[in-house]
Amino acid sequence: MNKVILAGRLVRDPELRYTQTGKAVVSFSLAVNRRFNHNQEQTADFIPIVVWDKLAEVCSKHLFKGSQVLIKGRIQIRSYDAQDGSKRYVTEVIAQELEFMGSKPTALESKPLSPQAQNFGQEVHPDEEIPF
């Protein structure tokens, strides 16, 4: 049985392309956290994801860098001949189902904050009174 379930965040915006026959295909990398290692440091794997057809078009419209998703699919290993004549192998996950998780990223998150917004929430000096 070849079944994969991954939860993570998109590393970059999805890239939508169309094949010569008109099939939609989107690809992106998914950052998936590992459990803590022996040094108690969080690490992640960056897994290439490929999505086809209508689901690919949905991904290109609604997913952005930082989007959190749950993907169900299968692992695929393919090979090709590089320009130097060597054989290259690619391992990727072909997504068959996708669920949106977390809040939807907005364009506001990528814009720089105004000076007033940058100062909001900073610590109050001990001599100042809190207004509530």
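From a predicted model like this one, the values you see are computed outputs, not experimental measurements. (Residues numbered from 1 in each chain as written. Predicted model: local features only at pLDDT ≥ 70, side-chain atom pairs only at ≥ 80, totals over all residues. Heavy atoms only, no water.)

A. Geometry of the nonpolar core. By size, the foremost hydrophobic cluster in this structure holds 18 residues, and its most contacted members are Phe28, Leu30, Ile49, Val51 and Ile71. Mapped by element, the contributors of at least two residues to this core are strand 1 (4-10), strand 3 (24-33), strand 4 (44-52), helix 1 (53-62), strand 5 (68-81) and strand 6 (87-101). Among the elements that take part in this core, strand 3 stands out by supplying five residues, more than any other. Setting aside residues no more than four positions away along its own chain, Val51 makes contact with Ala24, Val25, Val26, Phe28, Ala56, Cys59 and Ala95. (Core = buried A, V, L, I, M, F, W, Y, C linked by side-chain atoms within 4.5 Å. Buried < 20%, exposed > 50% of the residue type's maximum accessible area, 1.4 Å probe, protein only. Helix = DSSP H or I, 4+ residues; strand = E, 2+ residues; numbered from the N terminus. Contact = heavy atoms within 4.5 Å.)

B. The pattern of salt bridges, seen in detail. Considering all chains together, one arrives at six salt bridges under this definition. Asp45 is paired through a salt bridge with Arg34; the nearest N and O atoms lie 2.6 Å apart. Of this pair, Asp45 sits in strand 4 while Arg34 sits in the loop between strand 3 and strand 4, and the two are 11 residues apart along the sequence. On the basis of relative accessible area, Asp45 is assigned to the partly exposed category, the value being 28%. In this structure Arg34 comes out as partly exposed when scored by relative accessible area, which is 47%. Among the ionic pairs, Arg78 bridges to Glu92, the shortest N-O distance being 2.8 Å. Here Arg78, found in strand 5, pairs with Glu92, found in strand 6; they are 14 residues apart in sequence, far enough to count as distant. Arg78 gets classed as partly exposed once you look at its relative accessible area, which sits at 38%. A residue is classified by how much of its surface remains accessible, and Glu92, at 8% relative accessible area, is buried. (Salt bridge = Lys/Arg side-chain N within 4 Å of Asp/Glu carboxyl O.)

C. Molecular detail of the pairing of strand 4. Pairing analysis gives nine bridges linking strand 3 to strand 4, with the strands arranged antiparallel. When the sheet's bridge partners are listed, Val32 is paired in strand 4 with Asp45. Here three bridges tie strand 4 to strand 6, and the two strands are oriented parallel to one another. Residue pairing across strands places Val51 opposite Ala95, the latter belonging to strand 6. (Pairing = 2+ DSSP bridges.)

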